[in-house]
Amino acid sequence: MISCEKAAIICNKTQYKEASFIEKLKLQFHFLMCKTCSAFTKKNTEFTTLCEKANLQSLSEKEKLKMKELVQTKR
Amino acid sequence: MTALKFSESKKNIKVIKLNTVTFDNDSKKMASHQLNPDNWVDQYADYLFNFAVSRVSNSEIAKDLVQETFFAGLKSAKNYKGEAAERTWLIAILKRKVIDHYRKINSNKGKAEVRMSYSSASDAEGDWLEEQVADPFSKLENNPIENEELGIAIQDCISKLPKKQALVFKMKTIQRISTEDICNELGINPSNLWVMIHRSRTALMGCLNKNWF
């Protein structure tokens, strides 16, 4: 038996494909008893596909640091 | 008849939108904005970068454009009247930079050319000619304008997160750094990380619910 908090953490791990087989089994078992968590998982998975679809981009911390320095020099 | 109805409802939407815009402007005028260049990179770099990437589809050029935007912002900071929010003002500069960029590459070639650029390297591979044909069964995934707006909406929501949560979420989801590396870099343990991921994800879903769905 696992709590909803743990189930949520495992659910998030599955979004990044980092949940172990046993964890996934526990999660599936939890779903049988908890409709809230299965609904949350559905939403969470949807959110993951949205993120993939959006093709998000971000600058790495290194690049930002470099930018900051350059901005400082121009001031 | 139905077409007429449709256009009418569209008009209504436009009117409502216009109303909200003027309302926004009024509330903004009351609180005049200030520039804070020290926070620019932290607060707006990713947002501007996403915007730029969606316009020039090359991350190196996009990065340069963002950098130039910051420089131009510093240069003309004294002309800032505080009417628009800082970010809106920076986006306006970036838009000019994007236009300048296209002018430059077109004048290099001389003549007015129609250029097609593909959003990623994978687009150029394989039998893409066939893939350009619209697939009637997937209306959503292939709508670039909608996806672009979606990206900006998500980025908008990320910027509302607490700093550390935003950082962890970006590292994990966008840069796809492994859990172990993130933990080492930030000096946290994995369960810490997953709790932060959980909080940021629920917050983002709530934010998107309000603004997107």
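A quick note: this is a predicted structure, and the numbers were derived from the prediction, not measured.

Q: Can you walk me through the packing of helix α2 (residues 21-33) of chain A against helix α3 (residues 35-54) of chain A in this structure?
A: Think of two packed helices as two axes; the pair is described by the angle between the axes and how far apart they sit. All names here are of chain A. Put simply, α2 and α3 touch, their axes get as near as 6 Å, and they point 120° apart. For the element pair α2 / α3, the angle class is oblique. Between α2 and α3, the contacting residues are His30, Phe31, Leu32 and Met33 on the first element and Lys35, Cys37, Ser38 and Thr41 on the second. Residues of the contact of α2 with α3, tallied by class, amount to four nonpolar, three polar and one charged.

Q: Please clarify how the interface of chain A and chain B should be interpreted in this entry.
A: By a widely used convention, the size of an interface equals the accessible area lost when the partners come together. Across the boundary between the two partners, chain A contributes 34 residues, which contact 42 residues of chain B. With a closest N to O distance of 2.7 Å, Glu18 of chain A and Lys172 of chain B form a salt bridge. Linking chain A with chain B are 13 residue pairs in polar contact (both at pLDDT 80 or more), by the criterion used here. Elements supplying a minimum of two residues to the side of chain A that touches chain B: α1 (4-15), α3 and α4 (61-74) of chain A. Counting residues per element, the side of chain A that touches chain B draws most heavily on α3 of chain A, which supplies 11 residues. Counted by class, the side of chain A that touches chain B contains 13 nonpolar, nine polar and 12 charged residues.

Q: Quick question: what am I supposed to make of the packing of aromatic side chains here?
A: Residues and elements named next belong to chain B. Applying the stated criterion across every chain, the model contains five aromatic pairs over all chains. Relative to Phe70, the ring of Trp40 lies with its centre 5.9 Å away and its plane at 20°, an arrangement referred to as stacked. Of this pair, Trp40 sits in helix α2 (residues 40-56) while Phe70 sits in helix α3 (residues 59-75); the two residues are 30 residues apart in sequence, bridging distant segments of the chain. For Phe70, a relative accessible area of 0% puts it in the buried group. Judged by centre distance (6.4 Å) and plane angle (50°), the rings of Trp40 and Trp89 are tilted. Residue Trp40 is found in helix α2, and its partner Trp89 is found in helix α4 (residues 86-109); the two are separated by 49 residues along the sequence. Looking at Trp89, the relative accessible area reads 16%, which means it is buried. Cluster of aromatic residues (ring-pair linked, three or more members): Trp40, Phe70, Tyr80 and Trp89.

Criteria and cut-off values
Residues numbered from 1 in each chain as written. Chains lettered and ligands numbered in written order. Predicted model: local features only at pLDDT ≥ 70, side-chain atom pairs only at ≥ 80, totals over all residues. Heavy atoms only, no water. Axes fitted to C-alpha atoms, helices over the stretch in contact; angles between N-to-C directions. Helix = DSSP H or I, 4+ residues; strand = E, 2+ residues; numbered from the N terminus. Parallel < 35°, antiparallel > 145°, perpendicular 65-115°, else oblique. Contact = heavy atoms within 4.5 Å. Nonpolar A, V, L, I, M, F, W, Y, C, P; charged D, E, K, R; others polar. Salt bridge = Lys/Arg side-chain N within 4 Å of Asp/Glu carboxyl O. Polar contact = N/O pair within 3.5 Å; in protein donor to acceptor, adjacent residues only side chain to side chain. Phe/Tyr/Trp six-rings, centres within 6.5 Å; stacked < 30°, edge-to-face > 60°. Buried < 20%, exposed > 50% of the residue type's maximum accessible area, 1.4 Å probe, protein only.

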